[in-house]
Number of protein chains: 2
Amino acid sequence: MPTVDTDRRWVYAFEDAPADARALLGGKGAGLAAMTAAGLPVPPGFTITTEACVAYQDAGHHVPDGLWDQTETALAEVEAAAGRRFGDADDPLLLSVRSGAAVSMPGMMDTVLNLGLNDGTAAALARQTGDERFAYDAYRRFVAMFGEIVMGVEADRFERIVQRAKGQTEGGQDTDLSVDQLKEIVAQSKRVIAGQTRQHFPDDPREQLRQAVAAVFDSWDNDRAVHYRRVHNIPDDIGTGVTVQAMVFGNKGWDSGTGVAFTRDPSTGAKGLYGEYLLNAQGEDVVAGIRTPKPIAEMAGDLPETFDQFQALADQLEQTYGDVQDIEFTIEQGTLWLLQTRTAKRSGAAAVRIAVEMVGEGVIDERTAVGRVDPAALEALLHPAVNDDAEVELLAEGLPASPGAAQGRVAFTSDDAEARAAEGEPVVLVRQQTSPEDFHGMVAAVAVVTAEGGMTSHAAVVARGMGTPCVAGASSLRLDAAQGRLEAGGHTVLDGDWVTVDGATGRVLLGRVPTKDPELGDDFRTLMSWADDVRRLGVRANADTGEDAAKAREFGAEGIGLCRTEHMFFGDERLQPMREMILAEDAGAREAALRKLLPLQRRDFDALLRAMDGLPVTVRLLDPPLHEFLPDLLELTGRIAETKLALKQATTLEEMDRLLDESAASRALLRQVEKLHEENPMLGLRGCRLGMLYPEITQMQVRALFEAAADCVEDGIGVQPEVMIPLVSAAAEIETQAALVRETADAVLAERGVALDYLVGTMIELPRAALRAGDIARTAEFFSFGTNDLTQTTFGLSRDDAGRFLSAYVERGVLPADPFQTLDVEGVGELVRLGTDRGRAERPDLKVGVCGEHGGDPASVAFFHGVGLDYVSCSPFRVPVARLAAARATLGGDAS
Amino acid sequence: MPTVDTDRRWVYAFEDAPADARALLGGKGAGLAAMTAAGLPVPPGFTITTEACVAYQDAGHHVPDGLWDQTETALAEVEAAAGRRFGDADDPLLLSVRSGAAVSMPGMMDTVLNLGLNDGTAAALARQTGDERFAYDAYRRFVAMFGEIVMGVEADRFERIVQRAKGQTEGGQDTDLSVDQLKEIVAQSKRVIAGQTRQHFPDDPREQLRQAVAAVFDSWDNDRAVHYRRVHNIPDDIGTGVTVQAMVFGNKGWDSGTGVAFTRDPSTGAKGLYGEYLLNAQGEDVVAGIRTPKPIAEMAGDLPETFDQFQALADQLEQTYGDVQDIEFTIEQGTLWLLQTRTAKRSGAAAVRIAVEMVGEGVIDERTAVGRVDPAALEALLHPAVNDDAEVELLAEGLPASPGAAQGRVAFTSDDAEARAAEGEPVVLVRQQTSPEDFHGMVAAVAVVTAEGGMTSHAAVVARGMGTPCVAGASSLRLDAAQGRLEAGGHTVLDGDWVTVDGATGRVLLGRVPTKDPELGDDFRTLMSWADDVRRLGVRANADTGEDAAKAREFGAEGIGLCRTEHMFFGDERLQPMREMILAEDAGAREAALRKLLPLQRRDFDALLRAMDGLPVTVRLLDPPLHEFLPDLLELTGRIAETKLALKQATTLEEMDRLLDESAASRALLRQVEKLHEENPMLGLRGCRLGMLYPEITQMQVRALFEAAADCVEDGIGVQPEVMIPLVSAAAEIETQAALVRETADAVLAERGVALDYLVGTMIELPRAALRAGDIARTAEFFSFGTNDLTQTTFGLSRDDAGRFLSAYVERGVLPADPFQTLDVEGVGELVRLGTDRGRAERPDLKVGVCGEHGGDPASVAFFHGVGLDYVSCSPFRVPVARLAAARATLGGDAS
């Protein structure tokens, strides 16, 4: 057991607490101390420090020496201030005991109210207030709450006692219960406690206090709290404070009440008090939803003076804290008490409006406003959303893989999706998982759902790139594509049935649920312009088509950081020559096939360059393994088996001939597919290795790009092509490929008589490339960190396959976060830093960016800013997120 | 064009050359200078420096300024020493022009002899020597040689002219040609040159010299030379020297001659002159094999005095150079001239014998002896070899994947191989490629051949581990396993036919070719004991069975560095419970299956620990993805299709029932296989990720190991178990798994009342593990670098798939060597160094080893020595190689 310094101070009265002691006292304790210091009407109390909680945990759940003595001293002060004594048989002081960590953890920790009641004090309270009903109502609430939270009896057991009693009244409301009934409820509740726990409810108020404090400490480690910390990346060892405060009573008659209010609407951001209150009630009634509260505005009629006082206090609080407040208050017989105030949570839309309006009001400055909006919350603003008011019926839940909401009719194959979409039908593509062969189906679909795969599965990455809503890994879906049906959650959905996909929450809903379109108003544009003024990091977009590029530009992208040229080859007219190229027996046949692809590729580049007129466009040369363009091995094997079967049953010679031909063709294709088959395609013949073996491919792509660039220049379009060579691991690769790129590009420009500046660089996406960045930078004019692949190889972890264990790893804290979503700063991050430093040491003006999924993740953007990268590149829809995150990183704030 | 310092010295006379100027003058030039300095009979001459060659290359194939002037000066000195003048019409000096780089490159560069001959000097030579036949024979040789080497005409064209002339003589020998015939040959040769090259043969001797020097420089870049340098890792920018030397003539009658001799037999190492000579001939006759030379011993009868003189000179040379010499000599009318001497190449067996005997003779010391034997050459000594004298017929060639030779009858499936081997038949397993499912077949086979796969394919790695000869990637093999036949090189081999596999050279031979067994004599043991005295690095073996461990120990292994426990699960009795374990629906069913595996695994460990009595044994927990233990997806799909087909044709109800059952079982298995299918299994659910998800597996393995250890301790066996946790990427993984290992191990030891020291450590085989080595070393007591996987992830390169392009990469110099064979020091090596340093910074006594294939590669061993590792671990057969390489690394010598 660690030794404890008995002289250490574990307890601070609100009026004695040091300023800005959030870490020491927790958010609640520090807030109440600050409110007390500001002269606000706060019931007296004190806070037991977070250090005491940590000491308690470290000591194996024993409170540190000195704690109870200091508590007694502080309690005496509260008694003096309140004019009542704790446990007094005549005029008893009651206490609230609440938890409060440095980081807000709403709902995660537990609270005990009305502590100090027993048969004696309850009777005294009844005498003092002249309101027996109130006293025994408080008593029965306290026994239930204490029994549940401190002694571990299910709340339901106490609720049933109350329900039975209410059933015997006429009105059926809490307020209809008689004093005798309340007393009987207390007695029954105590019996339930004794029966369930084999321990008696403690009548001694000080024993109640000690047990309650220990229960708050214990609750730091309850499952909900641990889970919340895990999800929100809150450390486990910061502990919670315990705030002990004199109770005030909102249930002392119809001039009493309790409520919760925001100084502005947390959903829309509209200025003005927003909230709810209840007359003659305790705060728990509101929180637990036992009684239906009234809108705060109605308080102006019920208690006009108190309302005016509250309004003034709310304004003062917003000014004091410089941000929207979420205030808990109680009115005790006409006297207003503030129980808690904290910075209000708000929707993305509200955050934007509030930040901009507060600048207008002179409350905060523009830089502060930029820091007020969570970049992650911004993303949801850019997509349609399921209407909050709509009634929904859940079909299945998965990962929120690409935000936005859409309604459509289910299709089970990409061919079907494409065909039906061509006829104008909104289609939701539902697949076990997607592969590059599904690209045309995904393009055609209004939303995509997969039963397997994580946040960085093929479906998720492609959908995010296109801004198409996607729910991935909806594992309860049972697909039977052959029969055109799926089952989940007891429902059966047939081919063509309507579903609604909510990509922001990961829900697949039955039928057509109304959605609402995003409104990017003036506030949004104003905030983004402030962010742009602040940030140092450039923001580009990953886009493969002119359409995507235009959208990216609309969202403020300053260039294309990654054009994945392979996506261009999946259309019907392209896949055929692509396959010819792959199946070519020699360089001649390969070149013939490439000649067919050249004009198509040139057209793609032309659209992209025109959309980005005046801005740089980074084009990555062909990257994936070639077999991605061929039919699946299993599918082909199946097809051959089917032909064989059909052959056995064929009745005419013609049919047999046709089937034999078909079989031969399939077998030839199968041989090639087998030849190209790789055990680990991620680590196989791909990236620049293709260009090294088949320089014709590099030449064709570069020719197409520079022919398009020359066309653009002739039309007065500003072009800045940057050719990016993927998957380099050795300097000789970039040397060879860069020389080929320059030779081809210069030849085209000479043919066309066009002068043009361009860059040749590389992706740094393998550990060896980061380590050898110095060698590579001798040739490469820019680096773009491909953090997806770099994460895969640094961890030895395929993002296609990681789903089976990665979530368990994150849940158990083996990894702090999914490294494919938030950059692993300690491992992958070291390679990014080291690669950047070594590259710049060799070439001081090396341009360095990042084009993995992390480019749109706020926490990762903050890291990239810190490392000194020049830009990040992300999906078009995440460009505003990245702009804001980059600005916040410059401001030095936490990016989350 | 680079500027050239015209004052620079480009030319050195033999007698003026600086000592030890190998880099400047090339091996040949430095050797001749040294011989001249030692007073040996060397014809006068001079050397043009390697720097001149580099300057020539840098200047775009222009000789540097000053070179010809300096050449003239040196030539004048040679004329003075020889007493003849170059181009003289009366008594002409003739020259040889040879290349010679700093590193020996035999046969790679070109030589011109008899330079200076034209119609005039030939006539003068005839007059001077009184031997017209000799003069015109030299002339016709010179024209042909010059025409070929300097002017680029195929040798064949000149040879045909000579053949035609010889056909007109009676004897048909060179010596039967008449003077007129020789003159006609010269004339015809000149006409061929003019016709082929559109240039005249240069009659001016100085023009001949200039062209010849330039041709030597040019030949530095010919394909053969570039290829040789690539294969032998010789830099491209060191250049060759050109040695110009007065000709002496071995064809001046029967008191003249020429030859090549070794001071000891380069094949056996036996002491005594070994070589060949020819009377009345030029050296080229011997080298080119135009006439069949006589054994050198016969010279004692032909020219007794000269032979004695040569014998004395040979002894002097061996003493001077301290090593066996390879000497070219010429006798001109009774006078012995030495043309060249160099350190002799030798076989592994000879190297060992010579090194040990020279120590005995006091010529060298033991440390020098250790440095004299190439570790790589040693490996071949440890295996049977194809008898050199045997006539062989080649079936196919592939990679020399595992050395040794064996004869056996072809089997096309592992089941077949196993069944036939059980009946005592020697079987050669021939597969397209192998997978873990072939393990039993590989165990049963005397040799393994695959049509696909590289030096580190499954077949290669497993075969090397077992010491079974293997030829991998014999791509000309066309297998038709279903028909039981293969075709290659125009031959058809049927199931059961005899073949001989030569794993040392990568050849597959038809029929039964005689082999000879290795003889590890006293010399070998003596040398290894010297090596052990010298080396600092420990040497362990990778072994999975008691048998392998015993063999490793016999070869001097000081422990087991890697026991791959998964190999233990591929036997018939193990695969079944292993599959039950994998297919288990819950932990209970999984534990039941594991209980069946426990005694089997314990038995394996018991054998291993007993074999290594007193030495440490590192056991790696289960590493591969689980689907490796399940049937192949394609095979299963095929089986289902076949059942379906059979069902259509079934005629009885019983048959249909049986087929339906079969189909259902296959489909159930298929679902599980599909569920476990991974896109990139190398980066999937394997290594410690298995133990994290299924702690029962870790527990079973640890229990089996420690139960076996306890048994051994009770029997007085010394055990030092080291439990190794694979594929760690985050510190939390090793923390969790190490805790589980210790808990389980300590429980077993407590049950058994046995005390035992053991270590828990990890493989460092992912870049992140190397980067986070500090964190990991807080828990891990030892590191073992898994450089195979570390190479895969650092390069993003799967060794299963790399075969398709890696050889092209190495051939083109993109990579200096196959990184799976020789450690990539620049990239992977940095991670090894960094991981070692960070680990030791956290835990100074951290034991660090390596257990990848690189542990048996001499160059890599030298690197590991330099980084300060504690040990390397390799296949049993490579243990002596590693011991020697480790010793050489300590001596600071080049390890290759």
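Residues numbered from 1 in each chain as written. Chains lettered and ligands numbered in written order. Predicted model: local features only at pLDDT ≥ 70, side-chain atom pairs only at ≥ 80, totals over all residues. Heavy atoms only, no water.

1. Concerning the domain arrangement of chain A
How large an interface is tends to be reported as the accessible area lost when its parts come together. Here the domain parsing of chain A yields domain 1 (11–246), domain 2 (257–343), domain 3 (385–516), domain 4 (535–625 + 682–891) and domain 5 (633–677). Measuring from the centre of the C-alpha atoms in domain 2 of chain A to the corresponding centre in domain 5 of chain A gives 74 Å. (Domains from an automatic or database assignment.)

2. Description of the pattern of salt bridges
Counted under the stated rule, the structure contains 123 salt bridges over all chains. Across the pair Asp326(A) and Arg342(A) runs a salt bridge whose closest N-O atoms are separated by 3.4 Å. Of this pair, Asp326(A) sits in strand β11 (residues 325–332) while Arg342(A) sits in strand β12 (residues 335–343), placing them 16 residues apart in sequence. With relative accessibility at 10%, the residue Asp326(A) sits in the buried group. With its nearest N and O atoms 2.5 Å apart, the salt bridge here joins Arg742(B) to Glu781(B). Note that Arg742(B) is positioned in helix α27 (residues 731–752) and Glu781(B) in the loop between α29 (773–777) and β31 (782–785), a separation of 39 residues in sequence. Given a relative accessible area of 21%, Glu781(B) falls into the partly exposed group. (Salt bridge = Lys/Arg side-chain N within 4 Å of Asp/Glu carboxyl O. Helix = DSSP H or I, 4+ residues; strand = E, 2+ residues; numbered from the N terminus. Buried < 20%, exposed > 50% of the residue type's maximum accessible area, 1.4 Å probe, protein only.)

3. Some points on the relation of the copies chain A and chain B
Each of the two copies of the chain can be brought onto the other by a rotation about an axis and a shift along it. Overlay of chain A on chain B (RMSD 0.2 Å): rotation 179°, translation along the axis 0.0 Å. Here the copies are linked by what is in effect a two-fold axis. (Least-squares fit on C-alpha atoms with pLDDT ≥ 70 in both.)

4. Concerning the packing of aromatic side chains
Residue and element names in this part refer to chain A. Throughout the structure, instances matching the rule amount to 25 aromatic pairs over all chains. Aromatic side chains Phe134 and Phe249 sit 4.9 Å apart centroid to centroid with 70° between the ring planes, which places their arrangement in the edge-to-face category. In this pair, Phe134 sits in helix α5 (residues 132–149) while Phe249 sits in the loop between β7 (240–246) and β8 (257–264), placing the two residues 115 residues apart along the sequence. For Phe134, a relative accessible area of 2% translates into the label buried. Three or more aromatic residues joined by ring pairs make a cluster, and in this case those are Phe142, Phe146 and Phe201. The side chain of Arg540 reaches across the aromatic face of Tyr871, ending 4.1 Å from its centre. (Phe/Tyr/Trp six-rings, centres within 6.5 Å; stacked < 30°, edge-to-face > 60°. Lys NZ or Arg CZ within 6 Å of the ring centre and 35° of its normal.)

5. Section: the interface of chain A and chain B
Contacts between chain A and chain B engage 56 residues on the former and 56 residues on the latter. The contact between chain A and chain B buries some 5200 Å² in all, and 57% of this surface belongs to carbon and sulfur atoms. On the chain A side of the contact with chain B, Leu683(A), Arg768(A) and Arg804(A) bury the most area, a combined 14% of that side's loss. Linking chain A with chain B are 8 salt bridges, by the criterion used here. For the pair chain A and chain B, the number of links is 20 residue pairs in polar contact (both at pLDDT 80 or more). Here the residues of the side of chain A that touches chain B sort into 25 nonpolar, 13 polar and 18 charged. (Contact = heavy atoms within 4.5 Å. Buried area = accessible area lost by both parts, 1.4 Å probe. Polar contact = N/O pair within 3.5 Å; in protein donor to acceptor, adjacent residues only side chain to side chain. Nonpolar A, V, L, I, M, F, W, Y, C, P; charged D, E, K, R; others polar.)

6. What to know about the sheet that holds β7(A)
All names here are of chain A. Reading across the sheet, the 5 strands line up as β1-β2-β7-β5-β6 and stay open at both edges, with antiparallel pairing between neighbours. Unpaired on one side and paired on the other, β1 (11–13) and β6 (111–115) mark the two borders of the sheet. With strand direction ignored, the average angle separating the axes of adjacent strands in the sheet is 20°. Across 4 bridges, the pairing between strand β2 (residues 45–48) and β7 is antiparallel. Note that in β7 the partner of Ile48 across the bridge is Val242. Most of the contacts of helix α1 (residues 22–37) go to strand β5 (residues 95–101), to which it runs at about 130°, and overall it touches β1, β2, β5 and β7. Sheet strands touched by helix α3 (residues 67–82): β1, β2, β5 and β7. Its angle to β2, the strand with the most contacts, is close to 165°. (Pairing = 2+ DSSP bridges. Axes fitted to C-alpha atoms, helices over the stretch in contact; angles between N-to-C directions.)

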